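Listed here are the chains, written in short residue letters.
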Amino acid sequence: FEFNSLGFHVYAADSKGSAMSIGEQLTSKIIPSKGEGEAYHEYEFIDKRDFSPFSSNGFYLEEVDVSGKRTLFGPFMLDDAESGKSSVEDFMIFE
(Lines give C-alpha, C1' and ligand atoms only; values in the text may rest on other atoms or scores of the structure.)
Protein backbone atom coordinates (compact mmCIF):
# COMPACT_ATOMS: atom_id res chain seq x y z
CA PHE A 1 0.00 0.00 0.00
CA GLU A 2 1.19 3.50 -0.72
CA PHE A 3 0.33 6.19 1.80
CA ASN A 4 2.10 9.56 1.76
CA SER A 5 4.64 8.11 -0.68
CA LEU A 6 6.75 10.53 -2.71
CA GLY A 7 8.39 7.74 -4.71
CA PHE A 8 11.15 5.17 -4.89
CA HIS A 9 14.88 4.69 -5.44
CA VAL A 10 16.48 1.44 -6.61
CA TYR A 11 19.87 0.27 -5.33
CA ALA A 12 22.07 -2.62 -6.44
CA ALA A 13 22.59 -5.42 -3.93
CA ASP A 14 26.24 -6.32 -3.46
CA SER A 15 27.13 -9.79 -2.27
CA LYS A 16 29.99 -10.12 0.14
CA GLY A 17 30.29 -13.86 0.72
CA SER A 18 26.89 -15.03 1.93
CA ALA A 19 25.79 -11.56 3.11
CA MET A 20 24.05 -8.94 0.98
CA SER A 21 24.64 -5.21 1.37
CA ILE A 22 23.41 -2.06 -0.34
CA GLY A 23 25.44 -1.11 -3.39
CA GLU A 24 25.25 1.82 -5.78
CA GLN A 25 22.09 3.83 -6.33
CA LEU A 26 20.75 2.90 -9.77
CA THR A 27 18.09 5.60 -10.11
CA SER A 28 19.35 9.05 -11.06
CA LYS A 29 16.11 10.61 -9.82
CA ILE A 30 13.20 9.39 -7.75
CA ILE A 31 10.60 7.16 -9.43
CA PRO A 32 7.41 9.10 -8.62
CA SER A 33 4.62 7.44 -6.68
CA LYS A 34 1.51 6.86 -8.78
CA GLY A 35 -1.09 7.31 -6.08
CA GLU A 36 -2.41 6.79 -2.61
CA GLY A 37 -4.20 3.95 -0.92
CA GLU A 38 -4.74 0.30 -1.57
CA ALA A 39 -4.92 0.43 -5.38
CA TYR A 40 -2.38 -1.60 -7.36
CA HIS A 41 0.17 0.51 -9.23
CA GLU A 42 2.59 -0.83 -11.79
CA TYR A 43 6.17 0.47 -11.98
CA GLU A 44 9.01 -0.34 -14.31
CA PHE A 45 12.74 -0.04 -13.84
CA ILE A 46 15.26 -1.50 -16.29
CA ASP A 47 18.81 -1.95 -15.11
CA LYS A 48 21.08 -1.32 -18.10
CA ARG A 49 24.29 -2.42 -16.44
CA ASP A 50 26.08 -5.49 -17.82
CA PHE A 51 25.96 -8.56 -15.63
CA SER A 52 28.14 -11.62 -15.59
CA PRO A 53 26.67 -15.03 -14.76
CA PHE A 54 28.56 -14.86 -11.46
CA SER A 55 27.33 -11.43 -10.38
CA SER A 56 24.58 -10.78 -7.88
CA ASN A 57 21.49 -9.60 -9.76
CA GLY A 58 19.84 -8.26 -6.66
CA PHE A 59 18.17 -5.01 -5.77
CA TYR A 60 16.97 -3.01 -2.81
CA LEU A 61 13.94 -0.75 -3.11
CA GLU A 62 13.79 2.41 -1.01
CA GLU A 63 10.48 4.20 -0.51
CA VAL A 64 10.65 7.91 0.32
CA ASP A 65 7.58 9.47 1.89
CA VAL A 66 6.45 13.11 1.72
CA SER A 67 8.15 13.91 5.07
CA GLY A 68 11.48 12.52 3.83
CA LYS A 69 11.31 9.24 5.80
CA ARG A 70 13.07 6.42 3.95
CA THR A 71 12.09 2.75 4.21
CA LEU A 72 14.28 0.06 2.68
CA PHE A 73 12.92 -3.22 1.28
CA GLY A 74 14.95 -6.16 0.06
CA PRO A 75 17.17 -7.57 -1.15
CA PHE A 76 15.20 -8.95 -4.09
CA MET A 77 17.02 -11.34 -6.38
CA LEU A 78 16.20 -11.29 -10.10
CA ASP A 79 17.62 -13.18 -13.01
CA ASP A 80 17.09 -13.09 -16.76
CA ALA A 81 19.37 -15.74 -18.21
CA GLU A 82 18.43 -15.03 -21.84
CA SER A 83 19.26 -11.33 -22.00
CA GLY A 84 21.82 -11.10 -19.20
CA LYS A 85 19.87 -8.09 -17.90
CA SER A 86 17.75 -7.77 -14.80
CA SER A 87 14.47 -5.91 -14.78
CA VAL A 88 11.55 -5.20 -12.51
CA GLU A 89 8.38 -5.02 -14.55
CA ASP A 90 5.67 -5.84 -12.08
CA PHE A 91 6.52 -5.13 -8.48
CA MET A 92 4.34 -5.15 -5.36
CA ILE A 93 5.33 -4.89 -1.70
CA PHE A 94 3.22 -6.46 1.02
CA GLU A 95 3.76 -5.81 4.72
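On a predicted model such as this, the values are computed, not experimentally measured, just so you know.

Trainee: Hey, could you run me through the environment of Ala 39 in this one?
Mentor: Within the secondary structure, Ala 39 sits in the loop between strand 3 (31-32) and strand 4 (45-46). Under the relative-accessibility criterion, Ala 39 is labelled partly exposed at 48%. Counting along the chain gives 37 residues from Ala 39 to Glu 2, while the straight-line C-alpha distance between them is 8.3 Å.

Trainee: Could you clarify how one ought to interpret the packing of aromatic side chains in this entry?
Mentor: How two aromatic rings sit relative to each other is given by the distance of their centres and the angle of their planes. In the structure shown here, the tally under the stated rule is two aromatic pairs. Consider the rings of Phe 8 and Tyr 43, whose centres lie 5.2 Å apart with planes at 70°: the pair is edge-to-face. Taken together, the positions of Phe 8 in strand 1 (residues 5-16) and Tyr 43 in the loop between strand 3 and strand 4 put the pair 35 residues apart, joining distant regions of the chain. One exposure class covers both Phe 8 and Tyr 43, and it is buried. Centroid distance Phe 45 to Phe 59: 6.3 Å. Interplanar angle 80°. Geometry classified as edge-to-face. Taken together, the residues Phe 45 in strand 4 and Phe 59 in strand 5 (residues 58-65) connect sequence positions 14 residues apart. Accessibility expressed as a relative area gives 14% for Phe 45, which makes it buried. For Phe 59, a relative accessible area of 3% puts it in the buried group.

Rules used throughout
- Residues numbered from 1 in each chain as written.
- Predicted model: local features only at pLDDT ≥ 70, side-chain atom pairs only at ≥ 80, totals over all residues.
- Heavy atoms only, no water.
- Helix = DSSP H or I, 4+ residues; strand = E, 2+ residues; numbered from the N terminus.
- Buried < 20%, exposed > 50% of the residue type's maximum accessible area, 1.4 Å probe, protein only.
- Phe/Tyr/Trp six-rings, centres within 6.5 Å; stacked < 30°, edge-to-face > 60°.

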